[in-house]
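# Structural description and commentary
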Amino acid sequence: MEMPKDGKFRTSSFSNIDPVPFCVSVARTGDGRMLVKHSKAPASAKPLEFTEAEWDAFTKGVKAGEFEV
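Bear in mind that the values here come from a model prediction, so they are computed numbers and not experimental data.

Moving on, we get to the pairing of strand β3 (residues 34-38). Counting buried positions along β3 yields four of five residues, so the element is predominantly enclosed. Where strand β2 (residues 24-28) meets β3, five bridges bridge the pair, whose relative direction is antiparallel. Counted as the bridge partner of alanine 27 is leucine 35 from β3. Hairpin connection between β2 and β3: a loop of five residues separates the two successive antiparallel strands, and glycine 32 in this loop has a positive phi of roughly 95°. In terms of strand pairing, β3 meets strand β4 (residues 48-50) through three bridges, oriented antiparallel. By the bridge assignment, valine 36 is partnered in β4 with leucine 48.

Time to look at the packing of aromatic side chains. Here the distance between the centres and the angle between the planes together describe a pair of aromatic rings. This model, assessed by the stated rule, comprises three aromatic pairs. Aromatic pair phenylalanine 58 and phenylalanine 67: ring centres 5.7 Å apart, planes at 45°, arrangement tilted. With a relative accessible area of 39%, phenylalanine 58 lands in the partly exposed category. Here the aromatic cluster, defined as three or more aromatic residues joined through ring pairs, consists of Phe50, Trp55, Phe58 and Phe67. Just above the ring of phenylalanine 9 sits the side chain of lysine 37; from NZ or CZ to the centre is 4.6 Å.

One pass over the full model with this rule turns up three salt bridges. Between glutamate 49 and arginine 33 there is a salt bridge; the shortest N-O distance is 1.9 Å. In this pair, glutamate 49 sits in strand β4 while arginine 33 sits in the loop between β2 and β3, placing the two residues 16 residues apart along the sequence. The exposure class of glutamate 49 is partly exposed, given its relative accessible area of 34%. Here aspartate 56 and lysine 60 are joined by a salt bridge, their closest N and O atoms 3.2 Å apart. A residue pair is termed a helical-turn pair when its members lie 3 or 4 positions apart in one helix, as aspartate 56 and lysine 60 do in helix α1 (residues 52-63) at four residues. Accessibility expressed as a relative area gives 52% for lysine 60, which makes it exposed. It is possible to trace a salt-bridge network through shared partners that takes in Asp31, Arg33 and Glu49.

Basis of the calculations
- Residues numbered from 1 in each chain as written.
- Predicted model: local features only at pLDDT ≥ 70, side-chain atom pairs only at ≥ 80, totals over all residues.
- Heavy atoms only, no water.
- Buried < 20%, exposed > 50% of the residue type's maximum accessible area, 1.4 Å probe, protein only.
- Helix = DSSP H or I, 4+ residues; strand = E, 2+ residues; numbered from the N terminus.
- Pairing = 2+ DSSP bridges.
- Phe/Tyr/Trp six-rings, centres within 6.5 Å; stacked < 30°, edge-to-face > 60°.
- Lys NZ or Arg CZ within 6 Å of the ring centre and 35° of its normal.
- Salt bridge = Lys/Arg side-chain N within 4 Å of Asp/Glu carboxyl O.

Limitation: the analysis is restricted to geometry and does not speak to function.
See the structure below:
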(Lines give C-alpha, C1' and ligand atoms only; values in the text may rest on other atoms or scores of the structure.)
Protein backbone atom coordinates (compact mmCIF):
# COMPACT_ATOMS: atom_id res chain seq x y z
CA MET A 1 0.00 0.00 0.00
CA GLU A 2 1.24 3.46 -0.89
CA MET A 3 1.52 5.98 1.91
CA PRO A 4 -0.21 9.38 1.80
CA LYS A 5 1.63 11.74 -0.52
CA ASP A 6 2.41 14.14 2.32
CA GLY A 7 2.66 11.36 4.93
CA LYS A 8 -0.32 12.69 6.91
CA PHE A 9 -3.91 11.71 7.52
CA ARG A 10 -6.45 14.47 8.10
CA THR A 11 -9.18 14.06 10.69
CA SER A 12 -12.72 15.10 9.85
CA SER A 13 -13.96 18.31 11.48
CA PHE A 14 -17.06 16.32 12.46
CA SER A 15 -15.05 13.77 14.45
CA ASN A 16 -15.43 15.37 17.86
CA ILE A 17 -19.14 16.14 17.98
CA ASP A 18 -20.83 15.12 21.23
CA PRO A 19 -22.20 12.81 22.49
CA VAL A 20 -20.11 10.26 20.58
CA PRO A 21 -16.73 11.21 19.13
CA PHE A 22 -16.52 9.67 15.67
CA CYS A 23 -12.93 9.63 14.52
CA VAL A 24 -12.46 9.42 10.76
CA SER A 25 -9.19 10.29 9.05
CA VAL A 26 -8.48 10.43 5.33
CA ALA A 27 -5.38 10.79 3.17
CA ARG A 28 -4.77 10.99 -0.58
CA THR A 29 -1.97 8.91 -2.07
CA GLY A 30 0.33 10.14 -4.82
CA ASP A 31 -1.69 8.27 -7.46
CA GLY A 32 -5.06 9.74 -6.35
CA ARG A 33 -6.42 6.90 -4.21
CA MET A 34 -8.00 7.75 -0.86
CA LEU A 35 -7.16 6.04 2.41
CA VAL A 36 -9.72 6.08 5.24
CA LYS A 37 -9.14 4.93 8.81
CA HIS A 38 -10.24 5.35 12.40
CA SER A 39 -8.07 8.20 13.64
CA LYS A 40 -7.34 6.45 16.92
CA ALA A 41 -6.27 3.21 15.22
CA PRO A 42 -2.67 2.14 15.68
CA ALA A 43 -0.25 3.22 12.97
CA SER A 44 0.06 -0.44 11.98
CA ALA A 45 -3.70 -0.76 11.25
CA LYS A 46 -4.45 -0.99 7.54
CA PRO A 47 -6.84 1.74 6.31
CA LEU A 48 -9.64 1.20 3.82
CA GLU A 49 -8.51 2.09 0.31
CA PHE A 50 -10.64 3.62 -2.47
CA THR A 51 -9.87 4.48 -6.06
CA GLU A 52 -10.30 8.07 -7.18
CA ALA A 53 -13.52 7.12 -9.02
CA GLU A 54 -14.94 5.32 -5.95
CA TRP A 55 -14.13 8.27 -3.70
CA ASP A 56 -15.64 10.73 -6.18
CA ALA A 57 -18.87 8.70 -6.37
CA PHE A 58 -19.04 8.50 -2.57
CA THR A 59 -18.50 12.22 -1.97
CA LYS A 60 -21.03 13.15 -4.67
CA GLY A 61 -23.56 10.85 -2.97
CA VAL A 62 -22.91 12.46 0.42
CA LYS A 63 -23.36 15.95 -1.02
CA ALA A 64 -26.58 14.87 -2.74
CA GLY A 65 -28.00 13.50 0.54
CA GLU A 66 -28.11 9.88 -0.67
CA PHE A 67 -27.06 8.43 2.70
CA GLU A 68 -28.89 8.39 6.00
CA VAL A 69 -26.98 8.11 9.25
